Amino acid sequence: MSFSKGGALMSLIHFNQILVFSPITHTQMTWTDETDRQASGLVSPQYWQDIAKKLEAGGFDGVFFADTLSLADRDPAEARRTMEAGALFPRMDPFALIPYMASVTSHLGFGATLSTAGTPPFLAARRLATLDNMTGGRVAWNVVTSHVKSDYDALGLSQPDHDTRYDVADEYMEICYRLWDGFPRDALVMDAERRMFVDATKISRVEFSGKYLNCDAYPVTMCSPQGRPLIFQAGQSGRGLEFAATHADAIYALQSRLASMTAFVTRARETAAKLGQKRDPRIFFGLQPIVGGTEEEARARAEALKQRVPIDVAMSRLGAMIGIDLSKHDPDKPLEEVSTEASRGILMAVLDSIGDRAPTVREAALHWGVAYGSGQIVGTPEQVADEIERHWRESGCYGFNISPTNNPSSVIDFVEEVAPILRKRGLMRDGYAGTTYRQNLDQKS
């Protein structure tokens, strides 16, 4: 399974598929396309199971379920437009969907987003460990701190400031680690002769008293075959990146340009080294391939996607993510840097989406309405494969989280047309290293 170039063993490019349990994933209004099936298949297990089987056949590491809890629009008129446009509305809970997809696959991993806001760490650790056990060790946790104020309003909580959210999350993670590590798998002896199901001497009580959180309990759910669930994190700001470099098995970052990707990898490595981490962080960048039989066909597809996006809905969605009411901004004036307690990392990525100047509000909103900050690659299967390889080699990233457009057609296009080219070059796996998400994320050849 290895591939040599100039005698050196090459690593694989790792891929996760981004999905959202909603009528769309990242590209707005795809449900209006007659070829799209996600809206009609929203509550059909078969629809999601077919995608899972296709991704496993294509050699993907896993599915990354992006999620936010609430509808961010506070103005009733904006909320109505978001609902009518099906812009991530309705929004379902992926924890209920994952077992269906896991039941028809054997290797594909599943990353579920769960906020440190609103769910006590004891419940989060139990919920994640249960799902990890039931899938045979194929679960990752995308840790978020809920940067959208509406999430806190929905939960009846006060939103902490940006850095405090991560201070709370550090304690949250420590509690989860202790709960997972406190019930090792070998504690399950199931010895009928001794009438002993669990060796209680191996169970460690968790007694944690922190500045923000407390927990005093025995863990009640054993470790899965991969030990702890994998930890994914998308912190991109200074404090957020420190949190990610400390805790994450993989970091998901949104950078729309190759130069920005390269700079982010350097910054992440420097942050990890400063914190004393021995391993370079494994960075996954969002990438949105748009594939056509010819370059002209692919570009026509990309333009058609852009033309469907309602500018007011796009502005509302982007504004909620960066904590700015964009309805008060002229769409054709540059988006200026402002102070925000929302996602500073996303704001930085938005302002850098063009590179040589600040984007206008319209440019930024339309880009995020189609690609959600991901780098977009448009072309034939060969051209897309070339650009993926170039982005991987030049940025030094570990892999990519692929953002679909129309579903399931964009998944099928990638798996059937792009993946074979990468596999022929020795850059994409032709078999899984193991059965757990951790084993396959670690796979090198």
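Before reading further, recall that the structure is shown in the block above.
Attention in this report is confined to the structure presented alongside it.

Calculation notes
Residues numbered from 1 in each chain as written. Predicted model: local features only at pLDDT ≥ 70, side-chain atom pairs only at ≥ 80, totals over all residues. Heavy atoms only, no water. Phe/Tyr/Trp six-rings, centres within 6.5 Å; stacked < 30°, edge-to-face > 60°. Helix = DSSP H or I, 4+ residues; strand = E, 2+ residues; numbered from the N terminus. Buried < 20%, exposed > 50% of the residue type's maximum accessible area, 1.4 Å probe, protein only. Axes fitted to C-alpha atoms, helices over the stretch in contact; angles between N-to-C directions. Parallel < 35°, antiparallel > 145°, perpendicular 65-115°, else oblique. Left-handed = near helix turned anticlockwise from the far one by under 90°. Contact = heavy atoms within 4.5 Å. Expected span 1.5 Å × (residues − 1). Bend = angle between axes of the 7 residues up to and from the residue. Arc of directions from axis to C-beta. Polar contact = N/O pair within 3.5 Å; in protein donor to acceptor, adjacent residues only side chain to side chain.

**Concerning the packing of aromatic side chains**
Here comes step 1: Overall, the coordinates contain 17 aromatic pairs when judged by the stated rule.
Here comes step 2: Aromatic pair F15 and F60: ring centres 5.9 Å apart, planes at 50°, arrangement tilted. Remark: F60 occurs in the loop between α1 (45-57) and β4 (62-65) and F15 occurs in strand β3 (residues 14-19); sequence separation between them is 45 residues.
Here comes step 3: Residue classification places F15 among the buried positions, given a relative accessible area of 1%.
Here comes step 4: With a centroid separation of 6.4 Å and 55° between ring planes, the pair formed by W48 and F65 is classed as tilted. Highlighted residues: W48 in helix α1 and F65 in strand β4, separated in sequence by 17 residues.
Here comes step 5: W48 sits in the buried class, given a relative accessible area of 0%.
Here comes step 6: Given a relative accessible area of 0%, F65 falls into the buried group.

**Remarks on the packing of helix α6 (residues 162-181) against helix α7 (residues 238-247)**
Relative orientation and spacing of two packed helices are given, respectively, by the angle between their axes and the distance between those axes.
Here comes step 1: Close contact between α6 and α7 brings their axes to 9 Å; oriented N to C, the two are set at 15°. The orientation of α6 with respect to α7, classified from their angle, is roughly parallel. Taken as a pair, α6 and α7 cross one another with a handedness that is right-handed. Mapping the contact onto sequence places H162, D163, Y166, D167, A169, D170, M173 and Y177 in α6 and R239, G240, F243 and H247 in α7.

**Observations concerning helix α14 (residues 409-424)**
Here comes step 1: The end-to-end C-alpha separation of α14 is 22 Å, in line with the 22 Å expected for 16 residues at 1.5 Å each.
Here comes step 2: The principal kink in α14, of about 40°, is found at V418, preceding the proline P420 by one to four residues.
Here comes step 3: Buried residues of α14: S410, V411, D413, F414, V415, V418, A419, I421 and L422, and no others.
Here comes step 4: Taken from the residues just after α14, G426 is the one with a positive phi, measuring 80°.

**Details of helix α2 (residues 76-84)**
Note: α-helices contain 3.6 residues per turn, so residues at a spacing of three or four share the same orientation.
Here comes step 1: Those residues of α2 that sit buried are E78, A79 and T82. Mapping the buried residues of α2 onto a view down its axis gives an arc of 100°, with all of them on the same face. In this structure, α2 carries P76 and E84 as exposed residues pointing more than 90 degrees from its buried face.
Here comes step 2: The elements touched by buried residues of α2 are α10 (311-322).
Here comes step 3: Sitting at the amino-terminal end of α2 is D75, which places a side-chain oxygen 3.0 Å from the backbone nitrogen of A77.
Here comes step 4: Immediately downstream of α2, the backbone of G86 shows phi near 60°, a positive value.

**With respect to unusual backbone geometry**
Negative phi is the rule for most residues except glycine; trans is the rule for most peptide bonds.
Here comes step 1: Put simply, F89 and P90 share a cis peptide bond, and its omega is 0°.
Here comes step 2: Its place among the elements puts P90 in the loop between α2 and α3 (94-102).
Here comes step 3: The omega angle of the peptide bond from N407 to P408 is 5°, so this bond is cis rather than trans.
Here comes step 4: Counting through the fold element by element, P408 comes out in the loop between β15 (399-402) and α14.
Here comes step 5: One non-glycine residue, L88, lies in positive phi territory at about 60°.
Here comes step 6: Turning to its location among the elements, L88 is positioned in the loop between α2 and α3.

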